[in-house]
Amino acid sequence: MPESRYDPHRGEWTLIAPERRARPHPAHYAKATPAEADPACPFCPGNERMTPPEVAALRDEGEENAPGWRARCVANKYPAVGSGETEREGEGVFTTLKGGGRHEVLIDSPHHTKALADLGEAHAADVLGLLQERARALAEAPGVRFVFAFKNHGAMGGASILHSHFQILGLPFATGGFEKMLEREAAFYQERKSALLDHMLAAERAQEERIVEAGNEGAVVFCPRASRFPFLVRIAPWPTECSFAGSAPGAVAAVGTALARCLTRYKALLGDPPVNVSFLAAGAPEEHRWHIELFPRLTPLAGLETGLGAHINEVAPERAADELRSTDAGEYAVSSSACFHRGPSHE
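Residues numbered from 1 in each chain as written. Predicted model: local features only at pLDDT ≥ 70, side-chain atom pairs only at ≥ 80, totals over all residues. Heavy atoms only, no water.

So, on to the overall build of the protein. Within the protein, the secondary structure is distributed over six helices and 15 strands. Over its C-alpha trace the protein gives a radius of gyration of 20 Å, about what one expects of a compact globule, namely 20 Å for 347 residues. Taking the principal axes of its C-alpha atoms as reference, the protein extends roughly 55 × 50 × 40 Å. Counting across all 347 residues of the protein, residues that qualify as buried make up 54%. For the protein, restricting intrachain contacts to residue pairs at least 6 apart in sequence, the fraction spanning at least 24 positions comes to 69%. Within the structure as shown, the protein displays about 15,400 Å² of accessible surface, and the carbon and sulfur contribution to it stands at 53%. (Helix = DSSP H or I, 4+ residues; strand = E, 2+ residues; numbered from the N terminus. Rg over C-alpha atoms; globule rule 2.2 N^0.38 Å. Buried < 20%, exposed > 50% of the residue type's maximum accessible area, 1.4 Å probe, protein only. Contact = heavy atoms within 4.5 Å. Areas by Shrake-Rupley, 256 points an atom, 1.4 Å probe, with all protein chains shown as cover.)

See below:
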């Protein structure tokens, strides 16, 4: 029986409709990780001249802007925001902000045909540590109030370059669902004198149904009860912490290794799907508890999502958590869940 579930973090309802998973659908996504090398890829070792100069790197050998790196961070050649101090122009419906931003790319794999899921937990922990370093730097840039990190893995995940990478975006404002989340966290904290995520995790850990990893290794992994997308996962350090930029190295490493395991489970369970990963990396108010959210792009955004802002999730989060728990993070044998490929409609 379909049901509606409320997400206290986003202040939105999700339609949980597992019966719709049985609908026939043609496969609509190719494997997200490239199968062949691309000599023209600007993110590959040897092509460092094709990107802006690196601002930071994890390097085993070699010099700056040369091969020998394990991860590399550069300015985004096509930034989504302007840099410098924020300037406000116009008013009312014509209000415009210029400047107040920074945009960087963190290339998290030196291999064109290997993504973060393929490089092991230690590598993912190091990458998240480098991302923290850059988040701190961007937070100090003129006009930047918030730093948001995200990964678009695969063409259907929104990646224009298929070589594995993160993007780090400094913004002068909070916007959309992100702004709503911060407002709801602040209201909950003022009323309860505790963080909303702490409250949610206490309930989830007590019930256990949607817990993938319980926090024994320094990170808790769960599928939220009102997940908007199938197999959506949130990862938080355990115990929770307010700020990613201010977290201790051990907490960042624990979340990085948990992220690697989740990505590996996705690859094993669903056949290397496109994936989106995102989190607030700097600028967190005291009410916030940092966490990473990720989900495979198994369903397209259709009229209900784009028009109404509502979502239909065809995999109950309890089922998703059970399947993820049961998947060996060290194997890529595709299970029967790979038939969950989606067509273009919600009809």
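Before going further, it helps to spend a moment on helix α2 (residues 176-192). At 3.6 residues per turn, the α-helix brings residues three or four places apart onto the same side. Taking 1.5 Å per residue, 17 residues should reach 24 Å; α2 reaches 25 Å between its end C-alpha atoms and fits that length. Those residues of α2 that fall on the buried side of the exposure criterion are F178, M181, L182, E185 and F188. The buried residues of α2 occupy an angular sector of 130° when projected down its axis, which confines them to one face. Within α2, the exposed residues directed more than 90 degrees away from the buried face are Q190 and E191. (Expected span 1.5 Å × (residues − 1). Arc of directions from axis to C-beta.)

Another aspect to go through is the state of the cysteines. This structure, assessed with the given rule, holds zero disulfides. Of all cysteine sulfurs in the structure, the one in C223 sits closest to C262, which takes part in no disulfide; the separation is 8.1 Å. (Disulfide = S-S within 2.5 Å.)

It is worth spelling out the packing of helix α1 (residues 121-139) against helix α4 (residues 249-270) at this point. α4 packs onto α1 with a crossing angle of 130° between their chain directions and a minimal axis gap of 7 Å. One element, α1, and the other, α4, form an angle in the oblique class. Of the two possible hands of crossing, α1 and α4 adopt the one that is right-handed. Only V252, A253, V255, G256, T257, A260 and R261 of α4 make contact with α1, whose side of the interface consists of E121, A124, A125, L128, G129 and Q132. Taken together, the residues of the contact of α1 with α4 break down into seven nonpolar, four polar and two charged. (Axes fitted to C-alpha atoms, helices over the stretch in contact; angles between N-to-C directions. Parallel < 35°, antiparallel > 145°, perpendicular 65-115°, else oblique. Left-handed = near helix turned anticlockwise from the far one by under 90°. Nonpolar A, V, L, I, M, F, W, Y, C, P; charged D, E, K, R; others polar.)

Okay, the nonpolar core next. Within the largest apolar cluster, 54 residues are counted, with the highest numbers of intra-cluster contacts made by L131, I235, I292 and L294. In this view, I292 contacts L128, V233, R234, I235, V255, L259, V277, S278 and F279; residues no more than four positions away in its chain are not counted. Grouped together as the second largest cluster of nonpolar side chains are seven residues, F43, V74, V105 and I107 included. (Core = buried A, V, L, I, M, F, W, Y, C linked by side-chain atoms within 4.5 Å.)

Here we come to the sheet that holds strand β7 (residues 102-107). As summarised here, the arrangement of the ten strands in space is β3-β4-β7-β9-β8-β13-β14-β12-β11-β10, forming an open sheet in which the pairing is antiparallel. At either end of the open sheet lies a strand with only one pairing partner, and these are β3 (54-59) and β10 (211-214). Across the sheet, the mean angle from the axis of one strand to that of its neighbour is 15°, orientation sign disregarded. Of the strand pairs in this sheet, strand β13 (residues 275-282) and strand β14 (residues 292-296) are connected by four bridges, and their pairing is antiparallel. Bridge assignment links S278 to a residue of β14, and that residue is E293. Most of the contacts of helix α3 (residues 196-207) go to strand β11 (residues 219-222), to which it runs at about 70°, and overall it touches β10, β11 and β12 (233-237). The sheet contacts of helix α6 (residues 317-325) involve β10 and β12, and relative to β10 the element is tilted by about 50°. (Pairing = 2+ DSSP bridges.)

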